Amino acid sequence: MPMLVPTLFSVLFFVALLGLLHVRVHTLLAYFQQEEYEPGRFLAAVGRMRLYDVISSLVVLVAFALAGMLGRFRELALLVSAAAFVLVALRERRFRFKKPLALTERVGRLRALALGIAFVLALAVFWWAPLAIIVLQLVPLVIIAANAALQPAQERINARYIAEAREKLAAFEGVKIGVTGSFGKTSVKHILAQALALDGNVFFSRGSINTVLGLTRHIRQRLQPGHKYLIAEMGAYQIGSIERLAEFVRPEIGIITAVGEAHLERFGSIENVAQGKSELAKFVCEHGRLVVTTEAVLKWRPFNELFTRYKQKFMVIGTSEAADVRILESRLEKEARLIRLDVEGRRLELSVPLLASYNAGNIALVVGVVARIAPEILDSLPALFAKLEQTPHRLEKKEKVSAPLLLDDAYNSNETGFQEAVEMLHALATGRGGKAVLITPGIVELGERHEEVHRRLGELSGRLLDAVYVVNPERIPSFVEGARAGGRAMVETVPRFGDAQRAADRQFRDTRDVVLYENDLPDVLEETRLL
């Protein structure tokens, strides 16, 4: 393998390779960021989503193999390969992501170092041009290596930011509230923020910000002395996550919405999920003043043990006579939900623009908190809740002129919510005299129950609905089988969520129709790209 003497052709080849590497590093950093800079999860995504070079490597391999066999045309092989690099880079620059790469300071440092390493490796092509194949395949590992090299500095930066946020939290004189649960926590956070705004300024993070670093950024940038309430959503991916969040925020009020099978793949068992969620209740029992949760949650052992020891610190939501906030009635009425509550002997009737029945529990949790920390605003809740701002992407109802009704449940990711959304879709479409249309990529993180749950949900959808568009069907084959076995729905499979939206828009235009977006997976789980 003689050294490639630098010529115009070899320089063009090298420059074109650098251009592709620049684009490729940006592309893969988007996936790396979506996987929260976790090397193991990123490498799994590389294999699952085929995030390794195919087109350029094949062109280089074929071009130089032919040149080697013929003993000439090396310059032509260089030009053809360079052209392939340019075309692939231009094509890749047009990729669109649901969650584009956020150009944070960390990403800036990571990209600069990764590009530096990749460019140095690219110099090897002046020794033997086909080494470009190896350079391109090494980009995921280059990003991981750059991240590892920067990790000590990043940890120091994170520690400084967290310390600044802790100082602001320590100086905060208002009421700090933590919210967790397998599902419903974001909705409860948004509803509670609207309710407490009747009593004073409320700090909360919009969307699903629920990690220490996510909360740190919002607290540093937005928490002000004039805030009367702070509501922190707390997410968990393993036992200890919420304990760390609770120690960071130090809430005096804790809300636990539910224990379910979300993130079952990471926790390993639903018992571990319950243990993880109980960490907020434990902290509040030991250091705070009120835990608000449901009768269903108290059935799990760690919560039951805490309730036995700290009963005076619990407010329980449920349907039994023993509940502190009792749900007397919950029914759908003219595309709104009527909820009647008994709040420690006080009756409250609410009409809310939230369709799903699980919102009765969410509303009751919020009312329970308000009853204890701001009872003077209870009488104002019926008027507020009648015009309640819907939580984005949580069975959000979207009306459009001369178009079907859209139910946006794109952030839902649990079996119970999926099932109820499908049943709600069927009921609404039937009541309007239109078609019921579902677009879904299924659910994630079900562990061993992946096939079983998706088959059951597929059968329900195929039996009740008129059309089902399945996104990335290779990931949920049992859902496709179940939907077809349901016997009623037209079932179509598409590679991407956008393809399903366009297909449904073409076929269903009647204003009486109802279209449901049930879950929308991130890029790292949906689309297999050809790089």
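Relevant structure appears above.
Participant: How should the environment of Ile144 be read in this particular structure?
Facilitator: Mapped onto the secondary structure, Ile144 falls in helix H7 (residues 139–171). Take Ile144: its relative accessible area is 15%, and that puts it in the buried class. Between the C-alpha atom of Ile144 and that of Leu29, which follows or precedes it by 115 residues, the distance is 9.8 Å. Those residues in contact with Ile144, other than ones at most four positions away along the chain, are Pro39, Phe42 and Leu43.

Participant: In this structure, what is going on with the packing of aromatic side chains? I would like to understand it.
Facilitator: Aromatic rings in a pair are described by how distant their centres are and how their planes are angled relative to each other. Counting across every chain of the model gives 8 aromatic pairs. Between Phe32 and Tyr37 the ring centres are 5.6 Å apart and the planes differ by 90 degrees, which places this aromatic pair in the edge-to-face class. Residue Phe32 shares its accessibility class with Tyr37, and that shared class is buried. Each member of the aromatic cluster is reached from another via a ring pair, and the members are Phe13, Phe64 and Phe85. Taking NZ or CZ as reference, Arg106 lies 3.8 Å from the ring centre of Tyr37, over its face.

Participant: Even after reading the chapter, I still don't get the sheet that holds strand S12 (residues 436–440), so can you show me in this structure?
Facilitator: Strands pair in a sheet through their backbones, by hydrogen bonds, and they do so in one of two ways: parallel or antiparallel. Strand order in the open sheet made by the 6 strands is S10-S11-S15-S12-S13-S14, with mixed pairing throughout. For this open sheet the edge positions go to strand S10 (396–398) and strand S14 (490–494), each flanked by a neighbour on one side alone. Between one strand and the next, the sheet's axes are offset by a mean angle of 15 degrees, whatever the strand orientation. Both strand S11 (residues 405–409) and strand S15 (residues 514–518) contribute to a ladder of 5 bridges, which runs parallel.

Participant: Hey, could you run me through the environment of Leu110 in this one?
Facilitator: Along the chain, Leu110 turns up in helix H5 (residues 105–122). Residues Leu110 and Ser10 lie 100 residues apart in sequence; the distance between their C-alpha atoms is 29 Å. Leu110 has contacts with Leu29, Phe32, Tyr37, Ile143, Ala146, Asn147 and Leu150, leaving out every residue within four places of it along the chain.

Participant: How should I be thinking about the pattern of salt bridges in this particular structure?
Facilitator: Two side chains bearing opposite charge may form a pair once their charged atoms approach each other closely. In total, this model carries 28 salt bridges according to the counting rule given. Lys189 serves as the salt-bridge partner of Glu233, at 2.8 Å between the closest nitrogen and oxygen. Separated by 44 residues along the polypeptide, Glu233 in strand S3 (residues 229–233) and Lys189 in helix H8 (residues 185–196) bring together distant segments of the chain. According to the relative accessible area criterion, Glu233 is buried, its value standing at 1%. Residue Glu344 is joined to Arg372 by a salt bridge in which the shortest nitrogen-to-oxygen separation is 2.7 Å. Here Glu344 is found in the loop between strand S8 (337–343) and strand S9 (346–352), whereas its partner Arg372 is found in helix H15 (residues 358–373), with 28 residues between them in sequence. Residue Glu344 is classed as partly exposed on the basis of its relative accessible area of 42%. When its relative accessible area of 33% is taken as the criterion, Arg372 is described as partly exposed. Linked by salt bridges that have partners in common, Glu35, Glu36, Arg41 and Arg48 make up one network.

Cut-offs used in this document
- Residues numbered from 1 in each chain as written.
- Predicted model: local features only at pLDDT ≥ 70, side-chain atom pairs only at ≥ 80, totals over all residues.
- Heavy atoms only, no water.
- Helix = DSSP H or I, 4+ residues; strand = E, 2+ residues; numbered from the N terminus.
- Buried < 20%, exposed > 50% of the residue type's maximum accessible area, 1.4 Å probe, protein only.
- Contact = heavy atoms within 4.5 Å.
- Phe/Tyr/Trp six-rings, centres within 6.5 Å; stacked < 30°, edge-to-face > 60°.
- Lys NZ or Arg CZ within 6 Å of the ring centre and 35° of its normal.
- Pairing = 2+ DSSP bridges.
- Axes fitted to C-alpha atoms, helices over the stretch in contact; angles between N-to-C directions.
- Salt bridge = Lys/Arg side-chain N within 4 Å of Asp/Glu carboxyl O.

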